[in-house]
Amino acid sequence: MKAPLAHFAHTRSGDKGDTVNIGVIAWRPEDYALLLRELTAEKVHSFFGSRVRGPVVRYELPNVHALNFVLQGALGGGGTVTLRLDAQGKTFGAALLRLEIETDTASS
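Residues numbered from 1 in each chain as written. Predicted model: local features only at pLDDT ≥ 70, side-chain atom pairs only at ≥ 80, totals over all residues. Heavy atoms only, no water.

**As for the side chain of serine 13**
Put simply, the rule is: Secondary structure elements follow DSSP: runs of H or I of four or more residues count as helices, runs of E of two or more count as strands, with numbering from the N terminus. Each polar contact in these results corresponds to two N or O atoms within 3.5 Å; when the atoms are within protein, one needs to be able to donate a hydrogen and the other to accept it, and residues that are neighboring in sequence are counted only if both atoms are side-chain atoms.
Of note, serine 13 is situated in strand β2 (residues 9–16). A distance of 3.1 Å separates a polar side-chain atom of serine 13 from the backbone nitrogen of glycine 93.

If you want it as C-alpha cells, here you go:
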C-alpha cells in the first residue's frame, strides 16, 4: 500500500546558496522507522529529477525522529542569481510531502 509522505511527516526547507536543505520530521515517533526505510537520498533525488543537478545527502537525527536532506545544485545558482520563482527553496519541503511511499497497514 502507498500513501503520501504527508501522512507520516512534516517538513521545513530553505537555502544556503545553490543548496536546498529539507528537514523531514515524523509526526509520531513510531513512524521514524518508516521514514528511514522509505525515504532514501536516491528516492528524494529521483522525485525532484532534473531540478537537482548535484548529489543528495541524507542525515539521520534519531533523537528528534527526523531526517535532513541536503540537495546540492538545486536552485539554479542560488537566491541572488537564479531565475526560479522559489529562489530560497521554501517550497521543496512542501513538494516532497506529495511523495508516495510504501507503507504497511500498521503505520497508516
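On we go.
**Examining the pairing of strand β3 (residues 19–26)**
Our working rule: When DSSP locates at least two bridges between a pair of strands, those strands are taken to pair.
The pairing of β2 with β3 spans eight bridges and is antiparallel. What sits directly across from threonine 11, in β3, is valine 24. Counting the residues that bridge the hairpin from β2 to β3 gives two residues, and of these glycine 17 lies at a positive phi of roughly 70 degrees. Taken together, the six bridges between β3 and strand β5 (residues 66–71) define a ladder with antiparallel strand orientation. Bridge pairing in β5 links isoleucine 25 to alanine 66.

**A closer look at a nonpolar patch on the surface**
The line we're drawing: The patch calculation keeps residues exceeding 30% relative accessible area without a salt bridge and links them within 9 Å when they carry like charges or within 5 Å when they are nonpolar (Val, Leu, Ile, Met, Phe, Trp, Tyr). Note on areas: Shrake-Rupley, 1.4 Å probe, and residue coverage restricted to the protein chains presented here. In the sections that follow, a salt bridge refers to a side-chain nitrogen of Lys or Arg positioned within 4 Å of a carboxyl oxygen of Asp or Glu. Note on classification: 1.4 Å probe, protein chains only; a residue is buried when its accessible area is under 20% of the maximum for its type, exposed when over 50%, partly exposed between these limits.
A surface patch of nonpolar side chains, about 260 Å² in accessible area, is lined by Tyr59, Leu61 and Val64. Structurally, valine 64 is set in the loop between β4 (56–61) and β5. Take valine 64: its relative accessible area is 46%, and that puts it in the partly exposed class.

**Side note on the environment of serine 50**
Looking at the element boundaries, serine 50 is found in the loop between α2 (41–48) and β4. The exposure class assigned to serine 50 is exposed, which follows from its relative accessible area of 65%. Sequence separation between serine 50 and alanine 74 is 24 residues, and the spatial gap between their C-alpha atoms is 8.7 Å.

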